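So the chains spell out like this:
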Amino acid sequence: MSAFPHQYHIKHDQKSITFLVPKFHLPAYVAKCQSNFSFNFIKGVGCMDSEAPERGWADINPIATSTHGMGPGSRHDTLDDHFNDWNWKKICAMGLIFRRKYNFALIEVQERVDDLINFEASLAADELVEWRRDIEAWEADRSQPNPFEGRAMMTMTQAAVRLALSMAEAAEIEHGNNMSLHDDISPSVLISSGLELEDQQRRLGFDAKAIGQHATDVQKGKILQRMNALRRHIDTWARVQVLYMPSVSRLQSPDDIATEMKAHNISLFLPSSLPHNELGIQDSLRVEWCKARARAHRWEEEVQLLWEEMCRIVAFLDWQAGWWDMQGPRRAFNSLQAGEGALAYAQRQANLRRQMVIHIKSVWAANPSWQEAPLLAVHLRSELPMPNSHSPDIVHVLLGPLENLSTVEETLVRDKAAESIAKIAEVLSTPQIEEFYIPLLKRLSQGEWFTSRTSSAALYPPVYNKVLWSIQEDLWKGFTALGADDTPMVRRAAAKWLGPFVKNLSKQHVLSGGLPIYRRLQSDDQDFVRLLTVEDLIVIAKQLTPPEVKEQLLKQIRRSIADKSWRLAEVVGTELVREELIGQYVQLLKDNEAEVCTAAAGQIPGFSKLLEKEVILARIVPCVRDLSHDASQPHMQAALANHISGLALLLGREATIEHLLPLFLHL
């Protein structure tokens, strides 16, 4: 560790390190290590096995035949290529992998919790309280006695038992206390012989089962010889056993042995097979309860960890898409073509990540619970008391921790923190907002890092109508500064929250304050900023009359013509649609790019609802006819076939038969 840079050193005074053994390797260790270093017994690890470094070898081992003859440089490059390919495949498959894991974990956690509840129903309440106290103490301080280890008796090997018996017998003889009831067989010899017979029974039973139903005569003969010999030995041993253990005669007499069908099924009634004492039973129950509790808790933790990982996958891909958005214009090139190529490559990578997010969310859509933090199971909630509510008088104390979370790099964490702050604002009084909320908002808005400024954009709308007009002016100035920030991510946040902010403004303030910042964002040089202004335009247009929309927003509407243009048309009115947007929309349907045509075709029913029947027949239907006959664009034709049926309700029966039916038959 000393060879690493200082910033990578572990601060042992601030970290708690727990050393464990990966699950696949753990069985090779002694029992003491298995109970002390098992992932299954450690709080917070879920069902992690820590064997991930081993799994990659299955994919990388086959390339050894190619790399063994390479030089060091070529070998490293080849390995890097394969490792990168392995990592990329894992990223692409994360949607399916985590869906499978999450579904399995939900089933397992319910089964394990049910098992634990049923187990505890058969135990005494006072015992559970004591056992729970012991295991919680060990989880907090592992120097305490390990509850997963038996305490009533120590596990001993057969050789250790023989040695202990021989030593006890030698001590009795030395002190003149010879308790032997047989001239040749002492108690220790009897028990040792019984252990050997028990071992022979196990071996014979295993071998008899192994030969199966189609054994040869030789195999059957050898098994029968061993059975006969073992039966005679057991008969002789059982007659001596009655001398030392008379109570066995009430369980089974030596004459009963002759009625046994198989020698390896004869009960020997050794002391170890007789009922244990109460202390041993309770200790075994305690250990089993600890293990059942551990299984339930690990699966509960696994559900929560999987949910957190799923959220982080989406957050990471969102962040990486934004990162790629900023890479295109960062480098200057001598030629225009090279600059456009770099920008196109960066945009392609960003779009790829966003498409992955859409795909992953669609894969996980069957599990609606992944979108909300999983609740603890019923049993675990009974152990961990949860707060019921917060008093409005003291709820502001939560603003400090949430302010810290609003500045972290993880997008999901920042968004959740800002959402929580906005909810707190709903219950704060005006004096509390002025004393606690407004200073927090100013600190975030003026923060050195863009992360805090990004989070602050969501915090302006909730309190605008709850403060005095003088503070409202300060809030608007602060939000305006976010819209003109040097960092694209901050401007993107301002564009996202401009619409909710404008809803709180009067028409006068919309015209004097809302429109200037909207126009600045709508002409931003970043595509992902301009895209969000479409929703802002809809909100602003709803607060203006159609003549005001035409006067104030016509230029911006023309710029915003895209796949969402029909939504704008619903707001600005049919007259403006016929006059200004119909020509732009027809141009989209005739665009040379297949993706543009496909997107425009998907909006045909919604846009056509705002047009008169004659306009649809004169302007829209001809475009549909041309697109339906363009065999070079199958994806566009598929989109067209899915959406033009919506025109039938608008055109009526006769026009549909005359104009649309031939197109349906052609498609």
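Residues numbered from 1 in each chain as written. Predicted model: local features only at pLDDT ≥ 70, side-chain atom pairs only at ≥ 80, totals over all residues. Heavy atoms only, no water.

### Some words on the overall build of the chain
And step 1. Looking only at helices and strands, the chain has 31 helices and zero strands in total.
And step 2. A burial count over the chain gives 37% of its 667 residues as buried.
And step 3. Of the contacts made within the chain by residues no fewer than 6 positions apart, 68% connect residues no fewer than 24 positions apart.
And step 4. If you sum the accessible surface of the chain, you get close to 39,600 Å²; carbon and sulfur atoms cover 56% of it. (Helix = DSSP H or I, 4+ residues; strand = E, 2+ residues; numbered from the N terminus. Buried < 20%, exposed > 50% of the residue type's maximum accessible area, 1.4 Å probe, protein only. Contact = heavy atoms within 4.5 Å. Areas by Shrake-Rupley, 256 points an atom, 1.4 Å probe, with all protein chains shown as cover.)

### A look at the packing of aromatic side chains
And step 1. Across all of its chains, the model carries 13 aromatic pairs by this definition.
And step 2. Pairing Trp131 with Trp289 gives two aromatic rings, centres 6.1 Å apart and planes at 45 degrees, and the pair type is tilted. Remark: Trp289 occurs in helix H12 (residues 278–327) and Trp131 occurs in helix H7 (residues 125–140); sequence separation between them is 158 residues.
And step 3. Look at Trp323 and Trp324: their rings are 5.1 Å apart centre to centre, the planes differ by 80 degrees, and that puts the pair in the edge-to-face class.
And step 4. For Trp324, a relative accessible area of 17% puts it in the buried group. (Phe/Tyr/Trp six-rings, centres within 6.5 Å; stacked < 30°, edge-to-face > 60°.)

### Concerning helix H9 (residues 187–210)
Because an α-helix completes one turn every 3.6 residues, residues spaced three or four positions apart along the sequence face the same direction.
And step 1. The end-to-end C-alpha separation of H9 is 35 Å, in line with the 34 Å expected for 24 residues at 1.5 Å each.
And step 2. Listed in full, the buried residues belonging to H9 are Ser188, Leu190, Ser192, Gly194, Leu195, Leu197, Gln201 and Leu204.
And step 3. Phi turns positive, to about 75 degrees, at Gly212, one or two residues after H9. (Expected span 1.5 Å × (residues − 1).)

### A closer look at the pattern of salt bridges
And step 1. The tally for this structure, following the rule as stated, stands at 19 salt bridges.
And step 2. Where Arg203 meets Asp199, a salt bridge forms, and the shortest distance between an N and an O atom there is 3.0 Å. A residue pair is termed a helical-turn pair when its members lie 3 or 4 positions apart in one helix, as Arg203 and Asp199 do in helix H9 at four residues.
And step 3. One salt bridge in this structure joins Glu301 and Arg298, with 2.8 Å as the shortest N-O distance. Of this pair, Glu301 and Arg298 both sit in helix H12, three residues apart, which is roughly one turn of that helix.
And step 4. Note on Glu301: relative accessible area 13%, which makes it buried.
And step 5. By relative accessible area, Arg298 is classed as buried at 4%. (Salt bridge = Lys/Arg side-chain N within 4 Å of Asp/Glu carboxyl O.)

### Considering the side chain of Gln472
And step 1. Its place among the elements puts Gln472 in helix H19 (residues 469–483).
And step 2. Of note is the side chain of Gln472, whose polar atom sits 2.8 Å from the backbone oxygen of Tyr464.
And step 3. Sequence-distant contacts of Gln472, that is, excluding residues within four places in its chain, are made with Tyr464, Asn465 and Val467. (Polar contact = N/O pair within 3.5 Å; in protein donor to acceptor, adjacent residues only side chain to side chain.)

### Some thoughts on the side chain of Arg491
And step 1. By the element assignment, Arg491 lies in helix H20 (residues 488–502).
And step 2. For Arg491, a relative accessible area of 10% gives the class buried.
And step 3. In this structure Arg491 touches Leu482, Gly483, Asp485, Asp486, Leu521, Asp524, Asp525, Gln526 and Val529, once residues within four positions along its chain are discounted.

### Some points on the packing of H20 against helix H21 (residues 507–522)
And step 1. For the pair H20 and H21, interaxial distance at closest approach is 10 Å and the crossing angle is 150 degrees. It follows that H20 is roughly antiparallel to H21 by the angle criterion. Of the two elements, H20 crosses H21, and the hand of that crossing is left-handed. Contacts between H20 and H21 involve Arg491, Ala494, Ala495, Leu498 and Val502 on the former and, on the latter, Val510, Ile517, Tyr518 and Leu521.
And step 2. Of the residues belonging to the contact of H20 with H21, the class tally is eight nonpolar, no polar and one charged. (Axes fitted to C-alpha atoms, helices over the stretch in contact; angles between N-to-C directions. Parallel < 35°, antiparallel > 145°, perpendicular 65-115°, else oblique. Left-handed = near helix turned anticlockwise from the far one by under 90°. Nonpolar A, V, L, I, M, F, W, Y, C, P; charged D, E, K, R; others polar.)

### Brief notes about a nonpolar patch on the surface
And step 1. On the surface, Ile10, Ile17, Phe19 and Phe37 cluster together into a nonpolar patch covering about 370 Å² of accessible area.
And step 2. One can find Ile17 in the segment before helix H1 (31–36). (Patch = residues over 30% accessible without salt bridge, like charges linked within 9 Å, V, L, I, M, F, W, Y side chains within 5 Å.)

### Looking at helix H28 (residues 613–628)
And step 1. At Ile620, H28 is bent by approximately 40 degrees, the largest bend along its length, and proline Pro622 sits one to four residues beyond.
And step 2. The complete set of buried residues in H28 reads Ile616, Ile620, Val621, Cys623, Val624, Leu627 and Ser628. (Bend = angle between axes of the 7 residues up to and from the residue.)

### What about the confidence of the model for the chain?
Detailed reading of the predicted coordinates is not advisable wherever pLDDT is low.
And step 1. In the predicted model, the chain carries a mean pLDDT of 78, and the fraction of residues at 70 or more is 82%.
And step 2. Mean pLDDT in the chain bottoms out at helix H14 (residues 378–383), which sits at 39, and peaks at helix H5 (residues 72–92), which reaches 91.
And step 3. Long-range and interchain partners of residues 253–260, a stretch whose pLDDT sits below 50, account for 14 contacts in this model, where long-range means more than four residues apart. (pLDDT = per-residue confidence, 0-100.)

### Some remarks on the nonpolar core
And step 1. The biggest cluster of nonpolar side chains holds 44 residues, and the ones touching the most others in it are Tyr437, Leu459, Leu475, Phe479 and Leu498.
And step 2. Ignoring anything within four residues of it in the chain, the contact list for Tyr437 reads Leu399, Ile421, Ala425, Leu428, Gln432, Leu459, Pro462 and Val463.
And step 3. Core analysis: the next-biggest nonpolar cluster, separate from the first, contains 35 residues, Ala294, Ala296, Val303 and Trp307 among them. (Core = buried A, V, L, I, M, F, W, Y, C linked by side-chain atoms within 4.5 Å.)

### Here's the deal with the packing of H5 against helix H13 (residues 336–364)
And step 1. Running from amino to carboxyl end, H5 crosses H13 at an angle of 45 degrees, the nearest separation of the two axes being 11 Å. Taken together, H5 and H13 sit at an angle that is classed as oblique. Here Trp88, Ile91 and Cys92 of H5 come into contact with H13, specifically with Leu352, Arg353 and Met356.
And step 2. Among the residues forming the contact of H5 with H13, the class breakdown is five nonpolar, no polar and one charged.

### Points about the environment of Glu111
And step 1. Secondary-structure assignment places Glu111 in helix H6 (residues 94–121).
And step 2. Separated by 188 residues in sequence, Glu111 and Trp299 have C-alpha atoms that sit 9.7 Å apart.

### Brief notes about the environment of Pro431
And step 1. Among the structural elements, Pro431 can be located in helix H17 (residues 430–445).
And step 2. Linking Pro431 and Val467, residues 36 residues apart in sequence, is a C-alpha distance of 8.9 Å.

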